[in-house]
Every structure is written in structure tokens, then in C-alpha cells.
Amino acid sequence: METSKVLKEKLFMKRKNAVLRMSETEIAECDSFCESYMDFMNTAKTEREAVAYTIELLKNNGYVEYTAGMQLNAGDKIYRNNRDKAVIMAVIGTAPIEKGVRLCAAHIDSPRLDLKQNPLYEDNEIALFKTHYYGGIKKYQWTTIPLSLHGVIIKADGEKITVNIGEDENDPVFCVTDLLPHLATDQMTKTMSKAVTGEQLNLIIGSRPFRDDEASEAVKLNIMNILFEKYGITESDFISSELEAVPAFKAKDVGFDRSMIGAYGHDDKVCAYTALMATVDCNNPVHTVVTVLTDKEETGSDGNTGLCSAYLEYFIADIAESLGSDGRTVLSASECLSADVNAAFDPTFPEVNEKNNCAYINRGVCITKYTGARGKSGTSDASAEFTGRIRRLMDSHDVIWQTGELGKVDAGGGGTVAAYIANLNVDTIDMGVPVLSMHAPFEIVSKIDTYMAYKAFSVFIND
Ligand code: MN
Ligand code: MN
């Protein structure tokens, strides 16, 4: 007769903190990998900056820009820049392209405050910018924190100005104000979704008037004059600009044990960076590797830089044709990891999760079979067969992984790009890093989970 201890060991699923399953050497490797990730987070806060960072890294690693019709051979490394806001990269495999590609898809846009097209105004001798928030945010979280401004302005003559202000130690920052508690009696009785409204997310940008007694709107004039001197822009140039206010603080170690990273935009740059590094470190794969870092996920993936657009499909069709096949055949034989974050169990808010089916920090990269809301609506729901294949692959390469849903049934929900890729007849499953305080200005991930995501993507694309 076997003892219960032996039987349990044989029959029960193992749920164990990854730290207890890793060697000292591997933990040190993980910590050093995360230092580079934190540098990336301080450099690439927006989708445009992430694309610029990625293309520079790709060029330094032998990647060349791909144009349709280009001759391709096994081992070639190529990329395509989609409007400076999304990027696809590929390493051509030794197997025929009809065998399908190994696709990783992550997004590089994160929730933030976008400036409106006519943003600048003065009210009671304070100059402000009107904003329209981007993605799902809890608005009150975006008040009274330092914000920086990133993006581009296209001037009337077509010249493109790149803006990045608030990141350098000597730069000024911007801020959305909030009421003092002394006078917030009425505000404090409101629900959290109404206590700070979208139209109250105004950025404070100046308070000194232009020194001329005759002028009206003298503070606004003074700001416009500063902007003209710095960037050569006039007020109407805001119409053709994309300016994004994001948290100005840097990525930091969190905890006495430095086990976690706090930063703006882990969703989904933690999966974008790990997928990018796994791809850059991949040489001469069997299957052709395609990694896409996309835009617009946080607003539903629409638009020509989001994954509902055909840009990924066109790219795969183009390389398929360069290699003597066609997009339909290649996509139908392909496999995809939709690399996106999941919610980590938060001991302060345990009620939104079902503890047997949620992700925990430090238990490794999270495989999510389905997402969606209200009865799995809007999900691709990976098949048992494909889930089984990915599980075997991870186990045979010592990737520490777990599985988790996004919250309790009917507690809310959400989606990723998985469904849009699966709709192209690709076997797709979600895999990513659990995050605490997702979509907040300062999100938290575990260093070990981040490293395990890198390892998981590497194993998948090199298989
Ligand atoms: Mn995401
Ligand atoms: Mn998100």
C-alpha cells in the first residue's frame, strides 16, 4: 500500500513558489535579465518609443527591413515597421514555410492620458491641457502624480517634431490636480467611477503670464510662446499631434527582498520585452519565427496599427510568397502565443478571484486557456489539444508555469489579441506575466515570472 504522501505526490498538481524550484544561479540570471528590462521600461514608455527601441536593437542584431518580394533564405532576420507604432520581426526557419510559423504577439501601448486635438486653455490664470484618457483606467489613480509628455507633432509644413519632456532629472513634469479632503465632502460621497470624471483629467502646465498688461489669456500666451521657441509650433499644430501623458517615475525594485518590479506599463511591455529578447536571441530556428509588437490593444485593437487590422496577415502572406507558398497555407499551419499579462491574486482584494483558478506572483508564467466575460464571450478558447502541446513543451524545458483565469466568473473580465489571431485559423493560447494593480500608473510584477516568460517564449520559438 502506498502512503498518502506518496500518492499525493503522484496524483495531485504541484503548486509551489518558483523560488523553491530554481537554483541560485538561475535566480541570479533572472535578476540580471530584469535589470535590462527595467532599462527598457525607462526608455520605452510609449508605443512609438518601444518601436524605436526595438528597431535599433534589431538592426544591431543583423535584422534588415523587409520589403515584399525580397529573396529570403533560412537564417535571414527581417522586420517591418508599421507607421512607427507597431513592428513585426521574423527569423526565417530551416523547415519549409508550409509547416507554419511560431508567432508571438504582445502589445506595446498602455493606458494613459492623451491630449485632445485642441488641448490648450487658460482658466483663472492657470494654463491647462484637456485630455482624453486612453484604455481602461480608474481615473482617480491618475491625479496628483508626476506625468511626462511623449509623442509627436506634425507642423503645418509637414515637419515632424518628437516630444519627450518630464523624464530627464532636470525636466519639469505635469500633473492632474485633485480636491483637498477639507473641501471634498461632496466628492467623497460619489462612487469611485464618478468622483473624478474624464473631463476633470486636465493637466496643469503653467501659471506665469506673458509680461504685457494689455494681453488677455496671458498665461496661455506665455506657454504658447515657450512652445514656439522650443518646438517652433503654433496652437493649430496640436491638431496634427499625438501627445501622451504617462507617469514620469522610473521603474524600481519593490520589496526588501527586491523580488518585484514596480513600473508604468508592465501591461504589456513585460511580455513585449520578453518576446523581443527571446526572438533576438534566436538563431537558425526550425520553424520561421514571427514576433509582432502591436499598438491599440488597450482600445480594442482597431485601427491600422492594431491587430484587428490586416497588417500581420499581409506580412505573413508576403513572406509566404517570398518563400514560394501562400498566406492561407502558412497561417493555417501556424501556432501563436498571445503574450499578454494576467491579473495576479492580490491578498488585499481576494474576493475577485477564485483561488484554484487564478494566477499568483512567483509561480511562473501564466497560461490562460480562455479570457472573455459573461460566459466566455469574446475569447478564442484554446483547444485541449493545443493546451496539452504547450504544457508538454514547457514541462520538457523546465519552464515554471501556472494557469489562471482573469478573476471569478462574472466578476468582470477582459480580452487580449488572442481571438483576432485565432480568427486567422491559427492555434493560439494566452501566455504572460501576472500583474498586481494592472492598468494603474505603477504596476507590479515578479522578477521570476518575467524571466519565466522570456524562457517560455524562447522554448516555443526554438521548438
Ligand atoms: Mn494587455
Ligand atoms: Mn491592458
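Values in this document were obtained by computation on a predicted structure and should not be read as measured data. (Residues numbered from 1 in each chain as written. Chains lettered and ligands numbered in written order. Predicted model: local features only at pLDDT ≥ 70, side-chain atom pairs only at ≥ 80, totals over all residues. Heavy atoms only, no water.)

Now for the overall build of the protein chain. Regarding its fold elements, the protein chain presents 11 helices and 21 strands. Scaling as 2.2 N^0.38, a compact globule of 463 residues should have a C-alpha radius of gyration of about 23 Å, and the protein chain matches this with 24 Å. C-alpha extents for the protein chain along the principal axes are approximately 90 × 60 × 45 Å. Put simply, the protein chain has 463 residues, and 53% of those count as buried. Side-chain charges in the protein chain split into 46 positive and 67 negative, and the spacing between the mean points of these groups amounts to 6 Å. (Helix = DSSP H or I, 4+ residues; strand = E, 2+ residues; numbered from the N terminus. Rg over C-alpha atoms; globule rule 2.2 N^0.38 Å. Buried < 20%, exposed > 50% of the residue type's maximum accessible area, 1.4 Å probe, protein only. Lys, Arg positive; Asp, Glu negative; His and termini not counted. Charge placed at Lys NZ, Arg CZ, Asp CG, Glu CD.)

Before going further, it helps to examine the coordination of the manganese ion (ligand 1). Distances from the manganese ion (ligand 1) to its protein donors, His-107 (NE2), Asp-267 (OD), Asp-340 (OD) and Asp-340 (OD), fall at 2.1 to 2.6 Å. In terms of primary sequence, the donors binding the manganese ion (ligand 1) are separated according to H-x159-D-x72-D. (Donors = N, O, S within 2.8 Å, 3.2 Å for Na, K, Ca; no water.)

What follows is about the coordination of the manganese ion (ligand 2). The textbook angles at a metal center are 109.5 degrees for a tetrahedron of four donors and 90 or 180 degrees for an octahedron of six. Ligation of the manganese ion (ligand 2) by protein atoms is provided by Asp-267 (OD), Glu-298 (OE), Glu-298 (OE) and His-439 (NE2), these donors lying 2.1 to 2.6 Å from the ion. When the donor residues of the manganese ion (ligand 2) are listed from N- to C-terminus, their spacing reads D-x30-E-x140-H. Between the manganese ion (ligand 2) and the manganese ion (ligand 1), a separation of 3.4 Å is found, and both are coordinated by Asp-267. Placement of the pair is Glu-298 in the loop between strand E14 (288–294) and helix H7 (311–322) and His-439 in the loop between strand E20 (434–435) and strand E21 (443–446), with a sequence separation of 141 residues.

Turning our attention to the pairing of strand E13 (residues 260–263). Residues Met-260 and Gly-262 line one face of E13 and the alternating positions Ile-261 and Ala-263 line the opposite face, and both faces are buried. Pairing geometry for strand E12 (residues 252–254) and E13, over three bridges, is antiparallel. Opposite Val-254, over in E13, you have Met-260 as the bridge partner. In textbook terms, the turn of a hairpin is the stretch between consecutive antiparallel strands, and for E12 and E13 this stretch comprises five residues, one of which, Gly-255, has a positive phi near 100°. Where E13 and E21 come together, four bridges link them in antiparallel fashion. Paired with Ala-263 across the two strands is Glu-443, which belongs to E21. (Pairing = 2+ DSSP bridges.)

Moving on, we come to the nonpolar core. Met-22, Ile-390, Met-394, Met-431 and Phe-457 are the most contacted members of the largest nonpolar core, which totals 66 residues. Examining the composition of this core, we find that 10 residues originate from one element, helix H11 (residues 447–461), more than from any other. In this structure Ile-390 touches Leu-337, Ile-367, Ile-429, Met-431 and Phe-460, once residues within four positions along its chain are discounted. Leu-115, Ala-127, Val-196 and Leu-203 belong to the second largest nonpolar core, which has 31 residues in total. (Core = buried A, V, L, I, M, F, W, Y, C linked by side-chain atoms within 4.5 Å. Contact = heavy atoms within 4.5 Å.)

We now examine the sheet that holds E21. Picture the strands of a sheet paired through backbone hydrogen bonds; they go either parallel or antiparallel. On the basis of which strands lie adjacent, the open sheet formed by three strands has the order E12-E13-E21 and antiparallel pairing. The sheet is open, and its two edges are formed by E12 and E21, each paired on a single side. Taking the axes of each pair of neighbouring strands and ignoring which way they run, one obtains an average angle of 35° across the sheet. Packed on one face of the sheet, H11 meets E12, E13 and E21 and runs near 70° to E21. (Axes fitted to C-alpha atoms, helices over the stretch in contact; angles between N-to-C directions.)

On to the domain arrangement of the protein chain, then. Interfaces are often described in size by the accessible area the parts lose on coming together. Considered domain by domain, the protein chain is made up of domain 1 (4–110 + 264–461) and domain 2 (112–247). Taking only C-alpha atoms into account, the centre of domain 1 sits 34 Å from that of domain 2. Counting each side, the surface lost to burial between domain 1 and domain 2 is near 1400 Å², with a carbon and sulfur contribution of 46%. Where domain 1 meets domain 2, there are five salt bridges. We note a salt bridge from Glu-167 to Lys-45, for which the minimum N-O separation is 3.0 Å. For the pair domain 1 and domain 2, the interface holds 10 residue pairs in polar contact (both at pLDDT 80 or more). Considering only residue class, the side of domain 1 that touches domain 2 consists of three nonpolar, four polar and 11 charged. (Domains from an automatic or database assignment. Buried area = accessible area lost by both parts, 1.4 Å probe. Salt bridge = Lys/Arg side-chain N within 4 Å of Asp/Glu carboxyl O. Polar contact = N/O pair within 3.5 Å; in protein donor to acceptor, adjacent residues only side chain to side chain. Nonpolar A, V, L, I, M, F, W, Y, C, P; charged D, E, K, R; others polar.)

So, about the sheet that holds strand E11 (residues 241–247). Taken in spatial order, the seven strands of this open sheet run E8-E7-E11-E5-E6-E10-E9, and their pairing is antiparallel. The open sheet has two free edges, formed respectively by strand E8 (160–165) and strand E9 (175–176), since each of these has just one partner strand. Pairing between strand E5 (residues 112–123) and E11: two bridges, direction antiparallel. Bridge pairing links Leu-113 to Ala-245 in E11. In the packing of helix H5 (residues 218–231) onto the sheet, the strands contacted are E5, strand E6 (126–134), E8 and strand E10 (203–206), and the crossing angle to E5 comes to about 125°.

With that settled, the discussion passes to the packing of aromatic side chains. Summed over the entire model, instances satisfying the criterion amount to 13 aromatic pairs. When the ring of Tyr-66 is compared with that of Phe-315, the centres are 5.8 Å apart and the planes differ by 80°; the resulting orientation is edge-to-face. Separated by 249 residues along the polypeptide, Tyr-66 in the loop between strand E1 (64–65) and strand E2 (77–82) and Phe-315 in helix H7 bring together distant segments of the chain. Each of the two residues, Tyr-66 as well as Phe-315, counts as buried. Members of the aromatic cluster, joined through ring pairs, are Phe-33, Tyr-37, Phe-40, Tyr-53, Tyr-273, Tyr-451 and Tyr-454. The side chain of Arg-112 reaches across the aromatic face of Tyr-134, ending 3.6 Å from its centre. Directly above the aromatic system of Tyr-370 lies the positively charged group of Lys-376, at a separation of 3.9 Å from the ring centroid. (Phe/Tyr/Trp six-rings, centres within 6.5 Å; stacked < 30°, edge-to-face > 60°. Lys NZ or Arg CZ within 6 Å of the ring centre and 35° of its normal.)

This part covers the environment of Gly-136. Position of Gly-136 among the secondary structure elements: in the loop between E6 and strand E7 (147–154). You can call Gly-136 partly exposed: its relative accessible area is 41%. Apart from the residues lying within four places of it in its own chain, the contact partners of Gly-136 are Pro-111, Glu-298 and His-439.

Turning our attention to the environment of Pro-111. Considering the arrangement of structural elements, one finds Pro-111 in the loop between strand E4 (101–107) and E5. Judged by relative accessible area, Pro-111 falls into the buried class, the value being 3%. Taking the C-alpha atoms as reference, Pro-111 lies 32 Å from Asn-462; in sequence the two are 351 residues apart. When neighbours within four sequence positions are excluded, Pro-111 is seen to be in contact with Tyr-134, Gly-136, Ile-137, Trp-142, Tyr-264, Asp-267, Glu-298 and His-439.

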